[in-house]
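What follows is each chain in one-letter form.
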Amino acid sequence: MCKTLRVRWTIIPKTAPRPWIACGGCGGLRAFQSSGKIRLNANGRKLDAWLIYKCLTCERTWNRPILQRRNVRDIDPAVLDALQSNDPDWIRAESFNLDALRHKSLRVDEFAEFEIAKEMQHETANWTRLAIELMVPFPTSTRLDRLLASELKLSRSRLRALHDKGMVRTAPERADIMRRRIRNGALVVIDLSMETEREQSWKPLATGNYAVEQ
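Residues numbered from 1 in each chain as written. Predicted model: local features only at pLDDT ≥ 70, side-chain atom pairs only at ≥ 80, totals over all residues. Heavy atoms only, no water.

**Some words on the sheet that holds strand 8 (residues 129-135)**
- With respect to topology, five strands assemble into an open sheet ordered 7-1-8-10-9, the strand pairing being mixed. Across the chains shown, the open sheet's two edge strands, defined by having one partner strand only, are strand 7 (114-122) and strand 9 (168-171). The mean inter-strand angle of the sheet, taken between neighbouring strand axes irrespective of direction, is 20°. (Pairing = 2+ DSSP bridges. Helix = DSSP H or I, 4+ residues; strand = E, 2+ residues; numbered from the N terminus. Axes fitted to C-alpha atoms, helices over the stretch in contact; angles between N-to-C directions.)

**Structural notes on helix 1 (residues 77-85)**
- Three or more residues of helix 1 are buried, namely Leu 80, Ala 82 and Leu 83. For helix 1, the buried positions fall inside an angular range of 160° around the axis, keeping them on one side. Those residues of helix 1 that are exposed and angled more than 90 degrees off the buried face are Pro 77, Ala 78 and Gln 84.
- Against strand 3 (28-43), strand 4 (46-55), strand 5 (61-71) and helix 2 (88-94) lie the buried residues of helix 1.
- Regarding helix 1, its N-cap is Asp 76, as a side-chain oxygen of that residue lies 2.7 Å from the backbone nitrogen of Ala 78 further along.
- Just past helix 1, the residue Asn 86 takes up positive phi, approximately 55°. (Buried < 20%, exposed > 50% of the residue type's maximum accessible area, 1.4 Å probe, protein only. Arc of directions from axis to C-beta. Contact = heavy atoms within 4.5 Å. Polar contact = N/O pair within 3.5 Å; in protein donor to acceptor, adjacent residues only side chain to side chain.)

**Considerations on the nonpolar core**
- By size, the foremost hydrophobic cluster in this structure holds 28 residues, and its most contacted members are Trp 9, Leu 130, Ile 132, Leu 134, Leu 148, Leu 152 and Ile 190.
- If we ignore the near neighbours within four places in the chain, the residues touching Leu 152 are Trp 9, Ile 132, Ile 190, Trp 202, Leu 205 and Ala 206. (Core = buried A, V, L, I, M, F, W, Y, C linked by side-chain atoms within 4.5 Å.)

**Looking at the side chain of Thr 170**
- Following the sequence through the fold, Thr 170 ends up in strand 9.
- Looking at Thr 170, its side chain comes within polar contact range of the side chain of Glu 173, at 3.3 Å.
- When residues no more than four places from it in sequence are discounted, the contact partners of Thr 170 are Leu 144, Ile 177, Met 178, Leu 187 and Val 188.

**Observations concerning the sheet that holds strand 3**
- Spatially, the five strands line up as an open sheet ordered 5-4-3-2-6, and their pairing is antiparallel. Each having just a single partner strand, strand 5 and strand 6 (108-109) make up the two edges of the open sheet.
- Two strands pair when backbone bridges link them, and strand 3 and strand 4 are joined in this way by ten bridges, in the antiparallel orientation. Pairing of Asn 41 across the sheet is with Asp 48, part of strand 4.
- Along the sheet, helix 1 contacts strand 3, strand 4 and strand 5; its crossing angle with strand 3, the most-contacted strand, is approximately 110°.

**Considering the pattern of salt bridges**
- For the coordinates displayed, the defined rule picks out 13 salt bridges.
- For Glu 94, the salt bridge identified is with Arg 64, shortest N-O distance 3.2 Å. In this pair, Glu 94 is assigned in helix 2 and Arg 64 in strand 5, connecting sequence segments 30 residues apart.
- Lys 203 is the salt-bridge partner of Glu 199, the closest N and O atoms lying 3.6 Å from each other. In this pair, Glu 199 and Lys 203 both sit in helix 6 (residues 198-207), four residues apart, roughly one turn of the helix.
- Each of Arg 102, Glu 110 and Arg 181 takes part in salt bridges that share partners, so that together they form one network. (Salt bridge = Lys/Arg side-chain N within 4 Å of Asp/Glu carboxyl O.)

Following this line, the structure appears as C-alpha cells:
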C-alpha cells in the first residue's frame, strides 16, 4: 500500500466580491464594496436587515437585503446575535454570498488573490503519495490548476500531463476538474513514487514548512 503524506490547505480570498449597482451619486453603474456594517430595522416582532455597501467612487451607500419582514422568533439565535452585534466574522462570510449578490446585480467582480494556511495532517516515513485536502470556506474564483501550479511550483502543462496519466487524482473526479474553481472539501492525491526529491522539494511546498533539512 502506498504511504501517504496528508496535508490540509485552507484558502481564504483576500477581497470580497464587488457588485456593480446603479449609483445615484455617480449617475451610472459603479462597483460597490461591503462596508462591514449591518443596518437593522425592527417593527414590532418583524425585523429587516441589510448589509451596507459603499460606492468605490463616491461612497454613496447601497443596502443589500439579508432579511425582510422576518419574525424574530423564526431567526436563528446565532444569526440574530451576529446581526445585532455587527459580528465581523459573520459579516465577512455574508459578503461572499454570491447567490445573493447575483440576484441583485448583473455583474459581480471576483478576485483571485488569496491567503493560504497549510497544515500537516498525517506524516509517515518513506511516503510516496501526497494527499491535499482543500478547505475553501468562502467562494473563490481560483482554478484548481492555478492553485496547484503556484503552490507546488509546477507548470500547468506538466500538471495536466500528470492528471492525464492518472498520477494526479481528485475527489470529486471529472474531466475538466483542473479548469474549474476550487471547492470546499475537494481532495487532490498525487503519486510521487517516481520523484526522488519528495522530502527536499515536495514536502516543504506542500506543508509550508521550509525548515526541512536538506
